[in-house]
Amino acid sequence: MKPQMIKQEANPLGVKPVSVLLAEFAIPSIIAMLVSALYNIVDQFFIGHSVGMLGNAATNVAFPLTISCTAISLLCGIGGAANFNLNMGRGNTQKAAKYAGNAVSMCVVIGILLCIATRLFLRPMMEAFGATDQTLAYSLTYTGITSFGFPFLIFTTGGSNLVRADGSPRFSMLCTLAGAAVNTVLDALFLIVFDMGIAGAALATVIGQAVSAVLVAFYLTRYKTVRLERACFRPDAALWGNIAKLGMSPCINQLAMMAVQIVMNNVLTFYGEQSQYGSDIPLACAGIISKVGMLFFSIVIGISQGMQPIVSFNYGAEQFGRVREAVWKSIACATVISVLAFLCFQIFPRQIIGVFGQASEEYFQFAERYFRIYMFFTFANQFQPIVANMYTSIGKAAAGALMSLTRQILFLLPLLVLLPRFFGLDGAMYAAPAADFVAFLIAGAMLLREMGSLKKQEKPA
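Bear in mind that the values here come from a model prediction, so they are computed numbers and not experimental data.

Trainee: Sorry, what's going on with a nonpolar patch on the surface here?
Mentor: Taken together, the side chains of V108, V109, I112, L113, I116, L120 and F121 present a nonpolar region at the surface, about 640 Å² in accessible area. Within the secondary structure, V108 sits in helix α4 (residues 93–120). Looking at V108, the relative accessible area reads 36%, which means it is partly exposed.

This is the structure:
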């Protein structure tokens, strides 16, 4: 049986006020992204208090693999959701259903492959990611267990984008919330009650991810706008290629973050050893600060993801005025959040770091300085992800991929390698604001150009 439309009335994405749609889609998406980021924050909190600084450093070493899971899930989820909504906007419901099903298949297959690869090359991965002699054992234990959750994490994050694309952002949020709640309860139980150490934190994470995955799977059997038949999930190389094409931009952005994290870990370890702080203090501080930064970034990504179905559907339906309105309002919301985050990072760095456990005065001195310098351009960091996702949402994959490469790969990575050669540990800190500033200029120029092009295509009222 071919996929059929279940509802024939006008799609709300094309008729509801854009502000209302953004609230409906972005708020649950923000909550889901924040909760997803809190998986790592919660582990960091409990590990910091029960294991200590070396445990926090170990989770930082493992963090690139978590980023890789997010990259894969966005490749499949955003790529599948964008193709789904574009085809729904054009009225091609059968093809839309096949894109949704194939996106799910991609998540499952690639998630299993990543788990196997991690199990096979665990030790060399941890050493390459910057593990020191003191943190290696913790890193092997933590990542060895969490690797079993990679298929669940990829399926949940990727599938949540498809749930949102189907018009159910609240259920998408619920899937992530349920897993996070389980993770938090089990973290307290395993680390405080049973004293299982870093292994307990890892096990709690995997169980929480599995719970979220079950909820996403349940929803996919009850998709609203189209019926997902078994044939929709059968892998199709052409569909996988198109999904990857539109999902490449957010995927590249995450992979770039992973590359930067790996280089940063090694830079901090090498140059930190030559400083008064040693190698473990910078590694531990950077891990906490990067994950706190991810909390802020999760809000921006949540706004961007909430914008995606609105932009994709209306672009497919040639309602370009609504596309422009959705993009501008998303940027306005993200700008408010970015300024507030900047103020928090500049005014309360010691208080934020102190949440994750106590350490030496040298530890806090380095953390405060690193926080203020590395996160200085937070107030302008919203433009790059939103502009990149805008291009993905309207099917312009190449422009989206280019936008995703600007901050992390084209600017930050070379600066991380170059500046420490001249300025030591300080060079690693100043690399980020320099890269952020240039990426902001490029994103602004590309945004104005695309908004002008869309305005010219608007049909007279």
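Trainee: Is there a simple way to think about the pattern of salt bridges in this case?
Mentor: Should the charged atoms of two oppositely charged side chains come close, the side chains can pair. Scanning the entire structure with this criterion turns up 7 salt bridges. Measuring nitrogen to oxygen at the nearest pair gives 3.4 Å for the salt bridge that ties R123 to E127. A residue pair is termed a helical-turn pair when its members lie 3 or 4 positions apart in one helix, as R123 and E127 do in helix α5 (residues 122–128) at 4 residues. Here R350 and E368 are joined by a salt bridge, their closest N and O atoms 2.7 Å apart. Within this pair, whereas R350 is found in helix α13 (residues 349–354), its partner E368 is found in helix α14 (residues 361–374), the two being separated by 18 residues in sequence. Look at R350 and you get partly exposed, because its relative accessible area is 30%. Taking relative accessible area as the criterion, E368 reaches 17% and is therefore assigned buried. Members of the salt-bridge network, linked through shared partners, are R350, E368 and R372.

Trainee: Is there a simple way to explain the packing of aromatic side chains in this structure?
Mentor: Within a pair of aromatic rings, the relevant descriptors are the distance that separates the centres and the angle that separates the planes. Considering all chains together, one arrives at 17 aromatic pairs under this definition. For the ring pair F270 and Y271, a centre distance of 4.9 Å and an interplane angle of 85° mean the geometry is edge-to-face. Here F270 falls in the partly exposed class, since its relative accessible area comes to 47%. Ring centres of F376 and F379 lie 6.2 Å apart, and the angle between their planes is 85°; this geometry places the pair in the edge-to-face category. Since its relative accessible area comes to 36%, F376 is described here as partly exposed. Relative accessible area serves as the criterion here: at 29%, F379 is assigned to the partly exposed category. What links up through ring pairs into an aromatic cluster is the set F342, F376, F377, F379 and F437.

Scoring rules and cut-offs
Residues numbered from 1 in each chain as written. Predicted model: local features only at pLDDT ≥ 70, side-chain atom pairs only at ≥ 80, totals over all residues. Heavy atoms only, no water. Patch = residues over 30% accessible without salt bridge, like charges linked within 9 Å, V, L, I, M, F, W, Y side chains within 5 Å. Areas by Shrake-Rupley, 256 points an atom, 1.4 Å probe, with all protein chains shown as cover. Salt bridge = Lys/Arg side-chain N within 4 Å of Asp/Glu carboxyl O. Helix = DSSP H or I, 4+ residues; strand = E, 2+ residues; numbered from the N terminus. Buried < 20%, exposed > 50% of the residue type's maximum accessible area, 1.4 Å probe, protein only. Phe/Tyr/Trp six-rings, centres within 6.5 Å; stacked < 30°, edge-to-face > 60°.

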